[in-house]
Amino acid sequence: MSVIYSDYNVGAGLSKALEMTPEQVIETIKESGLRGRGGAGFPTGMKWEFARRAEGDERFIICNADEGEPGTFKDRELLRDMTPVLLEGMAIAAWAVGARRGFIYLRGEYRYLLPVVNGAIEEARRAGRLGSLKDGFEFDVEVTLGAGAYVCGEEMALIESLEGVRSGEYRNRPPYPVEKGFINMPTVVNNVETLIKAAKIMAHGSGWFRQYGTEKSTGTKLISVSGDVAQPGVYEIPFGMTIHELLKMVGGLGAKAVQVGGASGICIPSEEFSTRTIAFEDVPTGGSVIVFGPGRDMMEVLENFMEFFCDESCGYCTPCREGNVVLLETVRKIRSGQATRNDVDLALGLCSTMRLASKCGLGQSVPNPFESIMGHFGDEALARAGERR
Amino acid sequence: MSTNELTRQIKEEIEELSRKRNLPRHTLLMNSLHRIQEEYGYIPDFAMQELSEITGIAPAEVNAYVSFYHFFSTEPTGRHKVWFCRTISCHLAGKDQIVKAVQDRFGVKMGQTTPDGRFTFAFTNCMGMCDKGPAMLIDGETYTKLTPEKVLEILEKYE
Ligand SMILES: Cc1cc2nc3c(=O)[nH]c(=O)nc-3n(C[C@H](O)[C@H](O)[C@H](O)COP(=O)(O)O)c2cc1C
Ligand code: SF4
Ligand code: FES
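Residues numbered from 1 in each chain as written. Chains lettered and ligands numbered in written order. Predicted model: local features only at pLDDT ≥ 70, side-chain atom pairs only at ≥ 80, totals over all residues. Heavy atoms only, no water.

Let's talk about the overall build of chain A
Rule in force here: To qualify as a helix, a DSSP run of H or I must reach at least 4 residues; to qualify as a strand, a run of E must reach at least 2; elements of each kind are numbered from the N terminus. Computation of the radius of gyration draws on C-alpha atoms alone. For the globule rule, the value is 2.2 Å times the number of residues to the power 0.38. Partly exposed describes any residue whose relative accessible area lies between the buried limit of under 20% and the exposed limit of over 50%, with all areas from a 1.4 Å probe on protein chains only and scaled to the type maximum. Note on definitions: a residue-residue contact is assigned when non-hydrogen atoms from the two residues lie within 4.5 Å. A 1.4 Å probe and the Shrake-Rupley method give the accessible areas. Residues count as covered only by the protein chains that appear here.
Secondary structure assignment for chain A yields 14 helices and ten strands. By the compact-globule yardstick of 21 Å for 389 residues, chain A fits well, its C-alpha radius of gyration being 21 Å. Buried residues in chain A amount to 60% of all 389 residues. The long-range fraction of contacts in chain A, counting pairs at least 24 apart against all pairs at least 6 apart in sequence, stands at 72%. Carbon and sulfur atoms form 48% of the exposed surface of chain A, whose accessible area is close to 14,200 Å².

Overview of the site of ligand 1
All names here are of chain A. Heads up, the rule is: Neighbouring residues are identified by heavy atoms, a residue being near a molecule or strand if any of them is within 4 Å of it. As used in this structure description, the phrase polar contact means that two N or O atoms lie within 3.5 Å; if the pair is within protein, one of them must be able to donate a hydrogen and the other to accept it, and residues adjacent in sequence are counted only when both atoms belong to side chains. We call Asp, Glu, Lys and Arg charged. Ala, Val, Leu, Ile, Met, Phe, Trp, Tyr, Cys and Pro are nonpolar, and the rest, Gly among them, are polar.
Not every one of the 18 residues close to ligand 1 is listed here, only the nearest: Gly38, Asn64, Asn190, Asn191 and Thr194. Between an oxygen atom of ligand 1 and a side-chain N or O atom of Asn64, the distance comes to 2.9 Å. Between ligand 1 and Gly68, the relevant distance is 3.2 Å, taken from an oxygen atom to a main-chain nitrogen or oxygen of the residue. Protein burial of ligand 1: of its 610 Å² of free accessible surface, 90% is covered by the chains. Mapped onto the shell around ligand 1, the elements with two or more residues apiece are strand E5 (187-191) and helix H13 (361-365). Looking at the shell around ligand 1, the element that brings in the most residues is E5, giving three residues. Taken together, the residues of the shell around ligand 1 break down into three nonpolar, nine polar and six charged.

Here we look at helix H10 (residues 298-312) of chain A
All names here are of chain A. Where we set the bar: Expected span of a helix, by definition, is 1.5 Å for each gap between consecutive residues, and there is one gap fewer than residues.
Here H10 contains 15 residues, and its C-alpha end-to-end distance of 21 Å stays within 8% of the 21 Å for a straight helix at 1.5 Å per residue. The buried fraction of H10 is high, at eleven of 15 residues. Between a side-chain oxygen at the N-terminus of H10 and the backbone nitrogen of Met299 the separation is 2.9 Å; the capping residue is Asp297.

Overview of the packing of helix H4 (residues 74-97) of chain A against helix H5 (residues 114-126) of chain A
All names here are of chain A. As a reminder of what qualifies: Axis lines are fitted through C-alpha atoms, for helices just across the contact stretch, and the angle between N-to-C directions can take any value from 0 to 180 degrees. Working rule for handedness: look at the near helix, and if it is turned counterclockwise from the far one by less than a right angle, call the crossing left-handed; if clockwise, right-handed.
Running from N to C, H4 and H5 point in directions that differ by 35°, and their axes come no closer than 9 Å. Considering the relative orientation of H4 and H5, their crossing is right-handed. In this structure, H4 contributes Leu79, Arg80, Thr83, Pro84 and Leu87 to the contact, and H5 contributes Val116, Val117, Ala120, Ile121 and Ala124. Looking at the contact of H4 with H5 residue by residue, the classes come out as eight nonpolar, one polar and one charged.

Regarding the sheet that holds strand E2 (residues 101-106) of chain A
All names here are of chain A. The line we're drawing: Pairing between strands requires that DSSP locate at least two bridges from one strand to the other.
Overall, mixed pairing links the five strands, which are arranged E3-E4-E2-E1-E5 in an open sheet. In this open sheet, the two strands that pair with only one neighbour each are strand E3 (131-134) and E5. Going across the sheet, the axis of each strand differs from the next one's by a mean of 25°, ignoring polarity. Two elements, strand E1 (residues 60-65) and E5, share five bridges in a ladder whose sense is parallel. Considered in E5, the bridge of Phe60 is made with Thr187.

Quick notes on the packing of aromatic side chains
Note the threshold: Working definition: rings of Phe, Tyr and Trp (its six-membered ring) pair if their centres are within 6.5 Å, and the pair is stacked with planes under 30 degrees apart, edge-to-face with planes over 60 apart, and tilted otherwise. Counted as over-ring charges are cases with an Arg CZ or a Lys NZ within 6 Å of the ring centre that also lie within 35 degrees of the ring normal.
For the structure shown, the criterion picks out 19 aromatic pairs over all chains. Among the aromatic residues, those joined into a ring-pair cluster are Tyr65, Phe68, Tyr69 and Phe72 of chain B. In this arrangement the basic side chain of Arg107 of chain A is found over the ring face of Tyr110 of chain A, its NZ or CZ atom lying 5.2 Å from the centre. Above the face of the Phe106 of chain B ring, Arg105 of chain B is positioned so that its terminal group lies 4.3 Å from the ring centre.

Observations regarding the environment of Val250 of chain A
Residues and elements named next belong to chain A. When you line up the elements, Val250 lands in helix H9 (residues 243-250). Distance from Val250 to Ile159, taken between C-alpha atoms, is 36 Å for residues 91 residues apart in sequence. In this structure Val250 touches Val225, Val229, Ala230, Gln231 and Tyr235, once residues within four positions along its chain are discounted.

Focus: the pairing of strand E9 (residues 266-269) of chain A
Consecutive residues of a regular strand have side chains that alternate between opposite faces of the sheet. Residue and element names in this part refer to chain A. Relative to E9, strand E8 (residues 257-260) runs antiparallel, the two being bridged by four bridges. Across the sheet, residue Ala257 finds its bridge partner in E9, namely Pro269. Hairpin connection of E8 to E9: five residues between the antiparallel strands, including Gly261 at a positive phi of 100°.

Considerations on the pattern of salt bridges
Residue and element names in this part refer to chain B. For clarity, the cut-off: Salt bridge, as used here, is a side-chain nitrogen of Lys or Arg placed within 4 Å of a carboxyl oxygen of Asp or Glu.
Enumeration according to the criterion identifies 48 salt bridges over all chains in this entry. For Arg35, the salt bridge goes to Glu13, with nearest N and O atoms at 2.7 Å. Of this pair, Arg35 sits in helix H2 (residues 29-40) while Glu13 sits in helix H1 (residues 8-21), and the two are 22 residues apart along the sequence. Using a relative accessible area of 16% as the deciding quantity, one classes Arg35 as buried.

Notes on the site of ligand 2
In the vicinity of ligand 2 there are 13 residues, among which Cys314, Tyr316, Cys317, Cys320 and Cys360 of chain A approach most closely. Here the shell around ligand 2 is composed, by residue class, of seven nonpolar, four polar and two charged.

Topic: the state of the cysteines
Residue and element names in this part refer to chain A. The cut-off we apply is this: When two cysteine sulfur atoms lie within 2.5 Å, the pair is treated as a disulfide.
Summed over all chains, the structure comprises zero disulfides over all chains. Note on Cys152: no disulfide assigned, nearest cysteine sulfur contributed by Cys314 at a separation of 9.0 Å. Between Cys310, a free cysteine, and Cys320, which holds the nearest cysteine sulfur, the sulfur-to-sulfur gap is 8.7 Å.

Re helix H6 (residues 95-106) of chain B
Residues and elements named next belong to chain B. So the rule is basically this: What the arc covers is the set of directions going from the helix axis to the C-beta atoms.
For H6, spanning twelve residues, the distance from its first C-alpha to its last is 17 Å, which sits close to the expected 16 Å at 1.5 Å a residue. Among the residues of H6, Lys95, Ile98, Val99, Ala101, Val102 and Phe106 are the ones counted as buried. Seen along its axis, H6 keeps its buried residues to an arc of 155°; they face one direction. In this structure, H6 carries Lys100 and Asp104 as exposed residues pointing more than 90 degrees from its buried face. Buried residues along H6 sit in contact with strand E1 (80-85), helix H5 (88-92), strand E2 (119-124) and helix H7 (148-156). Gly107, located one to two residues past H6, shows a positive phi value of around 70°.

The structure is reproduced here in structure tokens:
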């Protein structure tokens, strides 16, 4: 079972796509049911169609290679082994929406991959997979390196970063990037894995892709597994797999809890391992699975997540800037045995405000880990603190 | 390196990129900053001033942009920049012992530079090496599966 690592002749997907009209390409991607692999799961064919229909003098394709969600490292492997296919996916997207230029936004932490990526770009130009691709259709790609900022993986923040704009300025939406993105032009932002899958779908057909996964989450997902497991690493699974099956595969049975979706994802306790599945309609993820063994203190985990958000919030809007600090203080109070039930309730109230009033996905998703970890392990931690007092 | 303006070479490279791309000049900022930091080891004030002129972005905005990113520094740093991951998987894998070994050996804390100017140590967040933690970056190179002994051995190789 493999989509990503299936046999593939580089160039096959692009050749097929160029024999079709852009509308037919979009139709094929829609039929495949492909949804964004960066986390939010937006239908890729629809995104391309919006960008194609939007008004603009020029259009852009941006590959999001910022991979900053804690516990995620599958794009690292894809960039190392499969940049040629990624470039093909970008060219296919460009043909579908009518773009001439693309950017790969590569996180600064992956600077060591820059020679690999640039080498693949040069090779693709020589082989005619970038540059002049068809009468009247040219497409080329360049890389911009990030500089260490988690929020720049959020698509509007990424565009700010590419444009030289301080973080936060564009975080009011709509309009979405498909209408007004990079320099106000229609822009498709897609994850590395999404674009590679698009190329493979063009080569093998939408039916081939749909044979894996569930009705609402078609195909496979690359999962990065870390934490207390025997075999950490990158795995390709069909959507719909239970957490239990996943843990069995990676040598993680006996875990106390699993954080799915990284710091901004949700915590699943062991009671739910055999009923919850990895899928957009159940437990969604951009690919991060972090496993906690029986001896772990989940408040310590939550404290680490909250330190992360305090550090990475761009500070542009108040609910996120100040909310994170209060949530961190609450966890620290619990850990030091100073917190009461009331402190926890106040923090949970703040979570609702942050979800509603934060301007971007960073602040809006902080409640995910806070509520789920507190919900499953908060009482136990408060009780422990009470005993100590 | 002690001059107070960007080298002709850098300015020409920025103009070259601008010609090649033919995009609004404010889009030159990120690439230019990487080039400047590569040259000077940090982003000096005069460079921000000049970048403001080159890109048409207000000086305060250039400053806000630069200070937002972990990997840009507005102060001179040690010859080698060492970043330790402090995020969850590396935390679970024992990053505290790694950091302690380094602090004990060099007598400085995270965020500080060794008195001989050899290293600047700092924390950063998840660097995508979570399956091989604890992880660190030295001048852009990654090192993984660190132990207190291994980290000191690796650092010894940097002059
Ligand atoms: C705080 C934050 C960080 C994000 N980081 C990434 C990232 O590193 N990589 C990524 O592909 N998407 C990331 N996203 C999601 C992007 O905003 C966007 O939805 C995605 O790149 C779209 O591509 P896709 O439809 O192919 O998934 C992030 C979102 C948020 C809110
Ligand atoms: S939610 Fe947080 S990261 Fe997003 S704009 Fe507001 S302060 Fe910045
Ligand atoms: S948590 Fe340290 S590299 Fe991801």
